[in-house]
Amino acid sequence: MAVYFFSDVHLGAEKPEREAVKLSKLYALLDMIKADGSKAFILGDLFDFWFEYKHAIPKEHLQVVFRLAQLVEKGVEIHYISGNHDFWLGEYLSREIKINIHRDYFETVEDGKRLFLIHGDGLSPSDWKYRVLKKILRNRINIWLYQKVPPDWGIPLAKYVSSSSRTHTGKRSQKFLQDYREYASEKARKGYDYILIGHTHVPEQMEFDHGTYINTGDMFVNFSYARLENGKITLEYI
């Protein structure tokens, strides 16, 4: 059985025709996971925006949530490491769908290999402004206050902000990408066999002396993902 890793689908971010292509690719990947996967790790930003009110969630993503629930019912263990577009994940996915939610990062051992998994937002030293914003957005009081905004107002506003954030991410420089490679190299020196990161939307596999770095890229332009089987990891495309 294989273990799958993907990130940065940004569901709901694009025009209907592009969204249809994205969903087709995503469903094909989920079918692959259903066929031979034991676990799936989502490294953040499955949704371009996700916010749970007490009695409401974004309804446009229910079909995808349903398909994830089918995987869980089949016995696939799903882990979700929150990203910068979905760090407001509440209890719905964990309570109702039985998805394991992890904040910031997750460490695990699969096929005898030590893995370090992170979305990667705010990881670059030059991204200090975002790290300040991140603390503000994740503040419990601010989340509680935003929940007081009616969903019909709050969701469109958050989608607009999410779109601006995604555009900013897409303009990252080569120095930014190099920061991720150096971060992964340091993790490899600390004994991790595989370091998997998302966020940059640039799929990449790099071998170090003591480990391997994989950036899972995205599922809306590159349609890339990683697959681990028999202790060997590969970066693949669908």
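Residues numbered from 1 in each chain as written. Predicted model: local features only at pLDDT ≥ 70, side-chain atom pairs only at ≥ 80, totals over all residues. Heavy atoms only, no water.

Engineer: Even after reading the chapter, I still don't get the overall build of the protein, so can you show me in this structure?
Structural biologist: When helices and strands are counted, the protein shows seven helices and eleven strands. Within the protein, the proportion of its 238 residues that are buried is 50%. For the protein, contacts bridging at least 24 residues in sequence account for 65% of all contacts bridging at least 6. (Helix = DSSP H or I, 4+ residues; strand = E, 2+ residues; numbered from the N terminus. Buried < 20%, exposed > 50% of the residue type's maximum accessible area, 1.4 Å probe, protein only. Contact = heavy atoms within 4.5 Å.)

Engineer: How do you make sense of helix α7 (residues 174-189) when you look at a structure like this?
Structural biologist: An α-helix turns once per 3.6 residues; consequently, residues spaced three or four apart project the same way. The terminal C-alpha atoms of α7, which comprises 16 residues, lie 23 Å apart, in line with the 22 Å expected from a rise of 1.5 Å per residue. Taken together, the buried positions of α7 are Phe176, Leu177, Asp179, Tyr180, Arg181, Ala184, Ser185, Lys187 and Ala188. (Expected span 1.5 Å × (residues − 1).)

Engineer: Honestly, the environment of lysine 22 in this entry has me stumped. Any pointers?
Structural biologist: Inspection of the secondary structure puts lysine 22 in helix α1 (residues 16-36). A C-alpha to C-alpha distance of 5.5 Å links lysine 22 and phenylalanine 220, two positions 198 residues apart in sequence. Filtering out sequence-adjacent residues up to four positions away, lysine 22 remains in contact with Val9, His10, Leu11, Gly12, Ala13, Glu14, Met219, Phe220 and Phe223. Within polar-contact distance, the side chain of lysine 22 engages the side chain of glutamate 14 at 3.2 Å. (Polar contact = N/O pair within 3.5 Å; in protein donor to acceptor, adjacent residues only side chain to side chain.)

Engineer: I would appreciate a short explanation of the pairing of strand β6 (residues 113-118) in the present structure.
Structural biologist: Looking down a regular strand, the side chains alternate between one sheet face and the other. Relative to β6, strand β5 (residues 105-110) runs antiparallel, the two being bridged by six bridges. Counted as the bridge partner of tyrosine 105 is isoleucine 118 from β6. Turn length for the β5-β6 hairpin, with the two strands adjacent in sequence and antiparallel, is two residues, and the turn residue aspartate 111 shows positive phi of about 55 degrees. (Pairing = 2+ DSSP bridges.)

Engineer: What exactly am I supposed to notice about the side chain of histidine 199 here?
Structural biologist: Inspection of the secondary structure assignment puts histidine 199 in the loop between β7 (194-197) and β8 (204-207). Within the structure, the side chain of histidine 199 is placed 3.3 Å from the side chain of asparagine 84, a separation counted as a polar contact.

Engineer: Could you clarify how one ought to interpret the sheet that holds β5 in this entry?
Structural biologist: Strands pair in a sheet through their backbones, by hydrogen bonds, and they do so in one of two ways: parallel or antiparallel. Ordered by their spatial adjacency, five strands build an open sheet running β5-β6-β7-β9-β8, and the pairing between neighbours is mixed. Looking at the sheet topology across the chains shown, the edges are occupied by β5 and β8. Averaged over all adjacent pairs, the angle separating strand axes in this sheet is 15 degrees, with direction ignored. Bridge analysis of β8 against strand β9 (residues 212-215) gives four bridges, and the strand direction is antiparallel. Among the inter-strand pairings, glutamate 204 is bridged to a residue of β9, identified as asparagine 215. (Axes fitted to C-alpha atoms, helices over the stretch in contact; angles between N-to-C directions.)

Engineer: What is the right way to look at the packing of aromatic side chains in this model?
Structural biologist: Ring pairs (aromatic) are described by centroid distance and by the angle formed between their planes. All chains considered together, the criterion is met by eight aromatic pairs. Each ring, one from phenylalanine 116 and one from tyrosine 192, has its centre 5.3 Å from the other, and the planes form 65 degrees; the classification is edge-to-face. Taken together, the residues phenylalanine 116 in strand β6 and tyrosine 192 in the loop between α7 and β7 connect sequence positions 76 residues apart. An aromatic cluster is present here, built from Tyr105, Phe116, Tyr183 and Tyr192 joined pairwise through their rings. Sitting over the ring of phenylalanine 223, lysine 25 keeps its end group 5.2 Å from the ring centre. Above the face of the tyrosine 27 ring, arginine 67 is positioned so that its terminal group lies 3.6 Å from the ring centre. (Phe/Tyr/Trp six-rings, centres within 6.5 Å; stacked < 30°, edge-to-face > 60°. Lys NZ or Arg CZ within 6 Å of the ring centre and 35° of its normal.)

Engineer: For this particular structure, what's the right way to read α1?
Structural biologist: Taking 1.5 Å as the rise per residue, α1 with 21 residues should run 30 Å; its terminal C-alpha atoms sit 30 Å apart, in good agreement. For α1, the complete set of buried residues consists of Glu19, Lys22, Leu26, Tyr27, Leu29, Leu30 and Ile33. Angularly, the buried residues of α1 cover 165 degrees about the axis, an arc narrow enough to put them on a single face. Facing away from the buried side of α1 by over 90 degrees, the exposed positions are Glu17 and Ala35. (Arc of directions from axis to C-beta.)

Engineer: Would you explain unusual backbone geometry in this entry?
Structural biologist: Leaving glycine out, the prevailing phi sign among residues is negative, and the prevailing peptide bond configuration is trans. Phi is positive for aspartate 8, close to 55 degrees, though the residue is something other than glycine. By the element assignment, aspartate 8 lies in the loop between β1 (2-6) and α1. Residue classification places aspartate 8 among the buried residues on the basis of a relative accessible area of 0%. Although it is not a glycine, lysine 98 sits at a positive phi angle of roughly 70 degrees. Mapped onto the fold, lysine 98 is located in the loop between α3 (92-96) and β4 (100-102).

Engineer: Explanation requested: the sheet that holds strand β11 (residues 232-237) in the structure shown.
Structural biologist: With mixed pairing, six strands are arranged side by side in an open sheet as β4-β3-β2-β1-β10-β11. A single partner strand is all that each edge strand has here, and the edge strands are β4 and β11. For this sheet, the mean angle separating the axes of adjacent strands, direction not counted, is 20 degrees. Bridge analysis of strand β3 (residues 77-81) against β4 gives three bridges, and the strand direction is parallel. Bridge assignment links histidine 79 to a residue of β4, and that residue is asparagine 100. Packed onto the sheet, α1 meets β1, β2 (37-42) and β10 (224-229) and runs at close to 160 degrees relative to β1.

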